[in-house]
Amino acid sequence: MKSEILLDAIGEIREAFIHEAAADSRRSRFWLKTAIAAAAVLILCFAAIFITRLGHRTPPVPPPELGPLISEAPAGASKEENILWYHNLSFTDEAASYDSPATVDLCVFRDAVFTDEEIDSAVLRLQEAGWTDMTSTRYHDGSLVFFSQPERDPKTLDETIEAKRNSPAGITDADVEHARQFISDSGLDQLIFEKTSVTLVLEAAPARNDVVFYGYYDGLETGSYIRMSFYDNGDLAEAKLYAVVPEKRTVSALPLAEAKEHAFRGILYGGGDDYEPHEVRSVRFEYRDGLPYYILTLDETVANGPVELRALAIDFSLIENDERLHAQWAKQFDLP
Amino acid sequence: MNDSEIVSLYWARDEAAISESDAKYGAYCRSIAWNILQIDEDADEIVNDTWLGAWNAMPPHRPSVLSTFLGKITRRLSLKRWRFKNARKRGGGETALALDELMDCIPDGKSVDEHLEVEHLSRVIDDFLAGLPKAERQVFVRRYWYMSSIAEICRQYGFSKSKTESMLHRTRKKLLVKLNEEGVFL
């Protein structure tokens, strides 16, 4: 496609332009934060003046330039990069009566490292089952492994690709069948289970366009996966394997009344950041990336459905000194 | 750790170079990859591939600006992956939108060798960008280098959606004129 050439050419532009765009947007965020902080200080000053002048009944008059800045951080919430933090949320009676658990589990996910022997064994099994010319690559830390078969008939493949350009996206039943066969023939499901106690489950997500098996441990989604895509003739275009070893612990839970003071919502990737700190109408409990959360559903809705906030259900000190747990926590913000 | 120290680690073949790169530029590279691919696992893998690419490139390369050097690797790998997936009935997202928008800048004419074209085109686009007002240049680079969504650009620069879209539209039209002037045929 001609515009792809243009996109490639844009990729090679002067580094100064690339740096300028990144640096300035960071700077603009810095100035926005600084301005908001300055506005907060000024508001406090005006509040203090207001209090001292109460006797004179003189209303405070904020300077006009503060208007837009105040609207960036309305009372009840604050904005940090791509996260909205909510404070002093109000609850309906039903939501407020939620019974906080006394203890909760948390799960640390440490990368599983696959050895050369284990991967070679899987490749051998695949070749014996008819997956010829299979190759594998272990990434530098051994936790991510790539399998593929070469394209056997590029001409046919090109025609197929061209035909598919105009076809609806989505995985086919044949893709799923090939994926099941690949896992069964390679023995990777057994290997992963023996090594990590993680069980693979097929997730039907046609929009993703690749066949994905996610790894679960004791009902918890672990972030482990095997993702596969296939040529039309059933050869493997690529499979990527990543797995973690879960370590489960039981710890004291943070009561909802305390946890709600640190409720947040991620707003990354161009998502809207319009909000009002509405009332919480229901509470439920969920594990995300191995960590326990109260999920607070607001009475506000957006196009995609109800607005949900998350509040960590354990004391933050439990995770701040553990690099892996902290990474699992940071994923909740959908931060890159 | 500053950039020159990280580069020195790569030159010394010290694997700490990868963890230091990840700590300092992981989020930056991941956001570039995510903008293009919009799948978490893909973005994570591309960031891993970026460190591998940097490891293979240094030495002999000694980048003056490490962030853009790594960002370029990420962008290139992400587009490669996007094409691979798109060719196999995958794709969409900001990259597809950016490609559609860039069709506005394509002059009519004959095709020439793509590699020469890319190199020549880059120089023309460099000149073009150098002549743009700063805000227009930044918005163009955010959209077509970083593949940021329109909403993200609006948030970063405080522009309205319509202002951002019309600014990009005008810039694409100017680029078309420039490409025609330079006799670039795609």
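All figures in this text were calculated on a predicted structure; none of them were measured in a lab.

(A) Looking closely at the overall build of chain A. Helix and strand counts for chain A come out as 11 helices and 14 strands. In chain A, which comprises 336 residues, the proportion classed as buried is 43%. Taking the intrachain contacts of chain A between residues at least 6 apart in sequence as the baseline, contacts between residues at least 24 apart amount to 63%. Accessible surface for chain A amounts to roughly 17000 Å². Of this, 54% is attributable to carbon and sulfur atoms.

(B) Structural context of the overall build of chain B. Within chain B, the regular secondary structure consists of nine helices and zero strands. Reading chain B from its N end, one meets helices and strands in the order α-α-α-α-α-α-α-α-α. Counting the 186 residues in chain B, one finds 56% classified as buried. Put simply, of all contacts in chain B between residues at least 6 apart along the chain, 68% involve residues at least 24 apart. As displayed, chain B has an accessible area near 7900 Å², and 53% of this comes from carbon and sulfur atoms.

(C) The arrangement of unusual backbone geometry in detail. Looking along the chain, the bond that leaves Met58 of chain B and enters Pro59 of chain B is cis, with omega of -10 degrees. Here the amide bond leading from Pro59 of chain B into Pro60 of chain B is cis, since omega sits at 15 degrees, within 30 degrees of zero. Phi at Ser197 of chain A takes a positive value of approximately 65 degrees, unusual for a residue other than glycine. Assignment of secondary structure puts Ser197 of chain A in the loop between helix 8 (188-196) and strand 6 (199-203). Despite not being glycine, Arg13 of chain B shows a phi value in the positive range, around 55 degrees. Among the structural elements, Arg13 of chain B can be located in the loop between helix 1 (3-11) and helix 2 (16-37). Accessibility expressed as a relative area gives 38% for Arg13 of chain B, which makes it partly exposed.

(D) Expanded view of the side chain of Lys72 of chain B. Checked against the element boundaries, Lys72 of chain B lands in helix 4 (residues 66-87). There is no salt bridge for the buried Lys72 of chain B, and the closest opposite charge comes from Glu12 of chain A, which lies 4.1 Å off by N-O distance. Apart from residues no more than four positions distant in its own chain, Lys72 of chain B is found in contact with Gly11, Glu12, Ile13, Glu15 and Ile18 of chain A together with Trp145 of chain B.

(E) Main features of the sheet that holds strand 5 (residues 144-148) of chain A. Residues and elements named next belong to chain A. The strand order 4-5-9-8-7-6 describes an open sheet built from six strands, whose pairing is antiparallel. Looking along the sheet, the strands with just one partner apiece sit at the ends: strand 4 (135-138) and strand 6. Across the sheet, the mean angle from the axis of one strand to that of its neighbour is 20 degrees, orientation sign disregarded. Of the strand pairs in this sheet, strand 8 (residues 220-230) and strand 9 (residues 236-242) are connected by six bridges, and their pairing is antiparallel. Paired with Ile226 across the bridge in strand 9 is Leu241. Sheet contacts for helix 7 (residues 173-186): strand 5, strand 6, strand 7 (211-217), strand 8 and strand 9; angle to strand 8, the most-contacted strand, approximately 110 degrees.

(F) Structural context of the nonpolar core. Within the largest apolar cluster, 65 residues are counted, with the highest numbers of intra-cluster contacts made by Tyr28, Ile125, Leu129, Trp145 and Tyr146 of chain B. The dominant element in this core, judged by the number of residues it contributes, is helix 2 of chain B, at 10 residues. Setting aside its immediate chain neighbours within four residues, Tyr28 of chain B contacts Ile18 and Ala22 of chain A together with Ser67, Thr68, Gly71, Trp145 and Tyr146 of chain B. Val123, Phe213, Leu236 and Leu241 of chain A belong to the second-largest nonpolar core, a separate cluster that totals 41 residues.

(G) A look at the packing of aromatic side chains. Residue and element names in this part refer to chain B. Applying the stated criterion across every chain, the model contains 16 aromatic pairs over all chains. Between the aromatic rings of Tyr25 and Tyr28, the centroid separation amounts to 6.4 Å while the plane-to-plane angle is 65 degrees, which identifies the pairing as edge-to-face. Taken together, the residues span about one helical turn, with Tyr25 and Tyr28 both in helix 2 at a distance of three residues. Residue class for Tyr25 comes out buried when judged on its relative accessible area of 11%. For Tyr28, a relative accessible area of 13% corresponds to the buried category. Look at Trp145 and Tyr146: their rings are 4.8 Å apart centre to centre, the planes differ by 65 degrees, and that puts the pair in the edge-to-face class. Each member of the pair, Trp145 together with Tyr146, is buried.

(H) Seen up close, the pattern of salt bridges. Under the definition given, this model contains 25 salt bridges over all chains. With a closest N to O distance of 3.3 Å, Arg110 of chain A and Glu247 of chain A form a salt bridge. Here Arg110 of chain A is found in strand 3 (residues 103-111), whereas its partner Glu247 of chain A is found in strand 10 (residues 244-252), with 137 residues between them in sequence. With a closest N to O distance of 2.9 Å, Lys174 of chain B and Glu136 of chain B form a salt bridge. One end of the pair, Lys174 of chain B, is in helix 9 (residues 161-181); the other, Glu136 of chain B, is in helix 7 (residues 134-144), and 38 residues separate them in sequence. Note on Lys174 of chain B: relative accessible area 35%, which makes it partly exposed.

(I) Geometry of the packing of helix 8 (residues 150-157) of chain B against helix 9 of chain B. Residues and elements named next belong to chain B. Where helix 8 meets helix 9, the closest approach of the two axes is 9 Å, and the angle between their N-to-C directions is 110 degrees. When the interaxial angle is binned, helix 8 and helix 9 end up roughly perpendicular. On the side of helix 8, the interface is formed by Ile150, Ile153 and Cys154, while helix 9 contributes Lys161, Thr164, Glu165 and Leu168. Considering only residue class, the contact of helix 8 with helix 9 consists of four nonpolar, one polar and two charged.

(J) Inspection of the packing of helix 2 of chain B against helix 3 (residues 40-57) of chain B at higher detail. Residues and elements named next belong to chain B. Where helix 2 meets helix 3, the closest approach of the two axes is 8 Å, and the angle between their N-to-C directions is 130 degrees. With respect to each other, helix 2 and helix 3 are oriented oblique. Of the two possible hands of crossing, helix 2 and helix 3 adopt the one that is right-handed. Mapping the contact onto sequence places Ile18, Ser21, Asp22, Tyr25, Gly26, Cys29, Arg30, Ala33, Trp34 and Leu37 in helix 2 and Asp40, Asp42, Ala43, Asp44, Ile46, Val47, Thr50, Trp51 and Trp55 in helix 3. Across the contact of helix 2 with helix 3, the residue classes tally to 11 nonpolar, three polar and five charged.

Criteria and thresholds
- Residues numbered from 1 in each chain as written.
- Chains lettered and ligands numbered in written order.
- Predicted model: local features only at pLDDT ≥ 70, side-chain atom pairs only at ≥ 80, totals over all residues.
- Heavy atoms only, no water.
- Helix = DSSP H or I, 4+ residues; strand = E, 2+ residues; numbered from the N terminus.
- Buried < 20%, exposed > 50% of the residue type's maximum accessible area, 1.4 Å probe, protein only.
- Contact = heavy atoms within 4.5 Å.
- Areas by Shrake-Rupley, 256 points an atom, 1.4 Å probe, with all protein chains shown as cover.
- Lys, Arg positive; Asp, Glu negative; His and termini not counted.
- Salt bridge = Lys/Arg side-chain N within 4 Å of Asp/Glu carboxyl O.
- Pairing = 2+ DSSP bridges.
- Axes fitted to C-alpha atoms, helices over the stretch in contact; angles between N-to-C directions.
- Core = buried A, V, L, I, M, F, W, Y, C linked by side-chain atoms within 4.5 Å.
- Phe/Tyr/Trp six-rings, centres within 6.5 Å; stacked < 30°, edge-to-face > 60°.
- Parallel < 35°, antiparallel > 145°, perpendicular 65-115°, else oblique.
- Nonpolar A, V, L, I, M, F, W, Y, C, P; charged D, E, K, R; others polar.
- Left-handed = near helix turned anticlockwise from the far one by under 90°.

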